[in-house]
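# Structural overview for review
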Amino acid sequence: MTDSGANSKQALLRTILDRFFIYGDLETLIPFGNGHINDTFVSTWNQGGNRLHYTHQRINERVFTRPDEVMENILRVTRHIREKLEGAGDRSRRVLTVIPARDGKPFVRDPEGGWWRSYCFIENARGGDLASSPEEAALLGKSVGRFQNQLADIGGERLIETIPGFHNMETRYTRFHQALQRDEFGRAGGCRGEIEFLLENEKRGSLLIRSLWEGTIPERICHNDTKMNNILLDENTGEALCIIDLDTVMPGTSLFDLGDLIRSVATRVREDAQDLSGAGFDMALFRALVGGYLSEARFFLVPAEYTLICESGRNMTQIMALRFLTDYLEGDHYYHTERPLHNLDRCRSQIALIRSMDNQWEEAEKTVKELS
Ligand code: ADP
Ligand code: GN1
Ligand code: MG
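Residues numbered from 1 in each chain as written. Chains lettered and ligands numbered in written order. Predicted model: local features only at pLDDT ≥ 70, side-chain atom pairs only at ≥ 80, totals over all residues. Heavy atoms only, no water.

### A short note on the pattern of salt bridges
We count it as follows: Criterion for a salt bridge: a side-chain nitrogen of Lys or Arg within 4 Å of a carboxyl oxygen of Asp or Glu. Each helix is a run of DSSP H or I of at least 4 residues and each strand a run of E of at least 2, with the numbering of both proceeding from the N terminus. Note on exposure labels: buried denotes an accessible area under 20% of the residue type's maximum, exposed denotes more than 50%, and partly exposed covers the range between, all computed with a 1.4 Å probe on protein chains only.
Counting across every chain of the model gives 29 salt bridges. The partner of E27 in a salt bridge is R51, with the nearest N and O atoms 2.5 Å apart. One end of the pair, E27, is in strand β1 (residues 25–31); the other, R51, is in strand β3 (residues 50–58), and 24 residues separate them in sequence. Owing to a relative accessible area of 36%, E27 belongs among the partly exposed residues under this scheme.

Pasting the structure below:
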């Protein structure tokens, strides 16, 4: 968010804050976090002398065209997980708690039509952009395996697809080809190498989604956006506490989540690093991450899913490279950016990661076999 963008949204938020079921006196309201999609703020309230915090998010309507459906999914998912956590200590730090509006709805509309939701703020927790150790990677992997396991029996109607075709590599490529052809902002000439790499890898990119369509791997409820900073870690114990950013929890394959974890955890540099000299795939983090994930997921995974573990990391890194470059070619309208080449930098770091995975492919496959 730019400063002026944050200020105007914050002003809008102030006009509707009292419509959420929150008691007390508002003390502060500040922009928060570094998500690429929604606008996030944190408020501090004085409730009879206790200081409490809440998170407020304006749901990005260009990305999520049916915010009501997003919230319907999130309520179902958080209720289900909360039931599973019955008896576990610290329940409200282990699953998001939606704060309803005074009219009972899980959102409030602002005077401009924007959709806002509120959550309990999870205290003493941190997100991160890079894993600090194999132990941390193992905890992150385990938390996602557990999340998928918790949702395996959610029952009822199929969860709504909040972004249809979210990880459909084929439609993502169609859009990329269109952006390339239009080259509306005259940017394609400056990224020929990246374009070529993505075109060379187009066919292989469909492997995961085709396996899902063909039924080689099963459909499961998954998170679909398990990059590291969507998992909050306990500041004191380092434990992976809570998986947040639930907008995209919907049907998919377990491998979308594991792949996105591999992309964001088994890496030596941040997603938007400009200096790629140290970039690469980290085998020790990969081993720990996959081991942690399997410690929970082995109870439900089928053999075909194991065979695509390495491919899932490559695939999810590729779809992000493709989406970042498409957004760059289309003039940076999807992801929040902070500098002119931000999306191109993101794409470059993803490609560097894929090249490094390719250089260590046999060892990665061997590692998966040992862990399976
Ligand atoms: P986006 O879709 O924009 O990525 P997120 O839901 O991931 O939005 O939120 C952005 C950031 O805000 C997160 O990375 C996290 O740091 C912080 N955050 C969001 N919700 C909470 C919460 N309930 N408690 C603590 N921090 C939160
Ligand atoms: C977005 O919302 P956030 O920042 O956690 C994006 C993901 C990408 C990610 C790349 C709804 O995630 O798909 O992997 O950026 N979310 C959406 O950092 O498009
Ligand atoms: Mg996020």
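Let's pick the thread back up.
### So, the nonpolar core
As a reminder of what qualifies: As used here, the term nonpolar core means buried Ala, Val, Leu, Ile, Met, Phe, Trp, Tyr and Cys residues forming a set that is joined through side-chain atoms within 4.5 Å. Domains are outlined according to an automatic or database domain assignment.
Ranked by internal contacts, the top residues of the largest apolar core, which has 101 residues, are F176, I262, F281, F286, I309 and L325. Here this core takes 11 residues from helix α12 (residues 309–329), the largest share from any one element. Mapping this core onto the domain boundaries places at least three of its residues in each of domain 1 (3–122) and domain 2 (134–371). Counting 13 residues, the second-largest nonpolar core is a separate cluster that includes I16, W45, Y54 and W116.

### Thoughts on the side chain of R314
For clarity, the cut-off: Note on definitions: a residue-residue contact is assigned when non-hydrogen atoms from the two residues lie within 4.5 Å.
Residue position: R314 is located in helix α12. Taking the relative accessible area as the measure of exposure, R314 reaches 3% and is therefore buried. Aside from chain neighbours lying at most four places away, what touches R314 is N201, R204, I354, M357, D358 and W361.

Purely geometric stuff here, so don't read any function into it on its own.
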